[in-house]
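Okay, here's what each chain looks like letter by letter:
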Amino acid sequence: LGTSAVLDPGVFYEEAAKAVKTMGKRAVFLVGRANYESYRTALGGDDIHVVAYAPHSLLMPRAAVNVHQGGIGTTAQALRAGRPMVVVPFSHDQPDNAQRCVKLGVGTSVERSRMR
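Residues numbered from 1 in each chain as written. Predicted model: local features only at pLDDT ≥ 70, side-chain atom pairs only at ≥ 80, totals over all residues. Heavy atoms only, no water.

**Student:** Would you mind showing me how to read helix α1 (residues 12–23) here?
**Tutor:** Since the α-helix turns once every 3.6 residues, residues separated by three or four places project in the same direction. Taking 1.5 Å per residue, 12 residues should reach 16 Å; α1 reaches 17 Å between its end C-alpha atoms and fits that length. Residues of α1 that are buried include every one of F12, Y13, E15, A16, A17 and V20, and no others. Where the residues of α1 are buried, they touch β1 (27–30), α2 (36–43), β2 (48–51) and β3 (66–68). Immediately beyond the C-terminal end of α1, within one or two residues, lies G24, with a positive phi of roughly 70 degrees. (Helix = DSSP H or I, 4+ residues; strand = E, 2+ residues; numbered from the N terminus. Expected span 1.5 Å × (residues − 1). Buried < 20%, exposed > 50% of the residue type's maximum accessible area, 1.4 Å probe, protein only. Contact = heavy atoms within 4.5 Å.)

Structure representation (structure tokens):
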């Protein structure tokens, strides 16, 4: 999640962790500095690597899929990476950016309230 979404993630990380485990995949969760310790302890493990920060430009090209909030900077990095994406918009320009990604056929969008 981006700068503002990490401050109020709701159930995003918990639900994403369930999905990762259900699919038997690995993931990197960028949780921000304020939430790092609690999420590292609660969600970290062999399949989920929890970090406070990492450059999107280094992570996104190596991902099978990028799940993000749809901020313009994050969306630009996801587009640049050329990988499929799932956009979970939180606020501001994010719903519009999410719909543009869907319209372009480069990803799908899930409403925050339906993140399950």
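Alright, that's what it looks like, and here's the rest.
**Student:** Would you mind showing me how to read the sheet that holds strand β5 (residues 107–109) here?
**Tutor:** What holds strands together in a sheet is hydrogen bonding between their backbones, with the strands either parallel or antiparallel. One open sheet accounts for three strands, arranged β3-β4-β5; its pairing is parallel. Every interior strand has two partners, whereas the edge strands, β3 and β5, have only one. Pairwise comparison of adjacent strand axes, ignoring direction, gives a mean angle of 15 degrees for this sheet. Where strand β4 (residues 85–87) meets β5, three bridges bridge the pair, whose relative direction is parallel. Across the sheet, residue V87 finds its bridge partner in β5, namely S109. Contacts from helix α5 (residues 94–104) reach β4 and β5, with the element oriented near 140 degrees to β5. (Pairing = 2+ DSSP bridges. Axes fitted to C-alpha atoms, helices over the stretch in contact; angles between N-to-C directions.)

**Student:** Even after reading the chapter, I still don't get the layout of surface pockets, so can you show me in this structure?
**Tutor:** Space left empty within the atom packing is revealed by a probe, the size of a water molecule, rolled over the atoms. By volume, the largest pocket is sized at about 1,000 Å³. Considering the residues around the largest pocket, the lining is formed by 37 residues, among which R26, A27, V28, V65 and V67 are closest to the centre. Of all the secondary-structure elements, those providing two or more residues to the lining of the largest pocket are α1, β1, β2, α3 (56–59) and β3. At seven residues, α1 tops the list of elements feeding residues into the lining of the largest pocket. Estimated volume of the second largest pocket: approximately 350 Å³. Considering the residues around the second largest pocket, the lining is formed by 18 residues, among which L1, G2, T3, Y53 and H56 are closest to the centre. Residues belonging to the lining of the second largest pocket are distributed by class as follows: nine nonpolar, eight polar and one charged. (1 Å grid on protein atoms, 1.4 Å probe; cavity = no way out; pocket = protein on both sides within 12 Å on 5 of 7 lines; lining within 4 Å. Points joined across faces, edges and corners; volume = space filled by probe spheres on them. Nonpolar A, V, L, I, M, F, W, Y, C, P; charged D, E, K, R; others polar.)

**Student:** Looking at this structure, how should I read unusual backbone geometry?
**Tutor:** Trans peptide bonds make up the majority, and among non-glycine residues the majority have a negative phi. Although it is not a glycine, H92 sits at a positive phi angle of roughly 55 degrees. In this fold, H92 is placed in the loop between β4 and α5.

**Student:** Looking at this structure, how should I read the side chain of H68?
**Tutor:** Turning to its location among the elements, H68 is positioned in strand β3. The class of H68 is buried, set by a relative accessible area of 1%. Setting aside anything within four residues of it in sequence, one finds H68 in contact with T74, T75, A78, M85, V86, V87 and V88.

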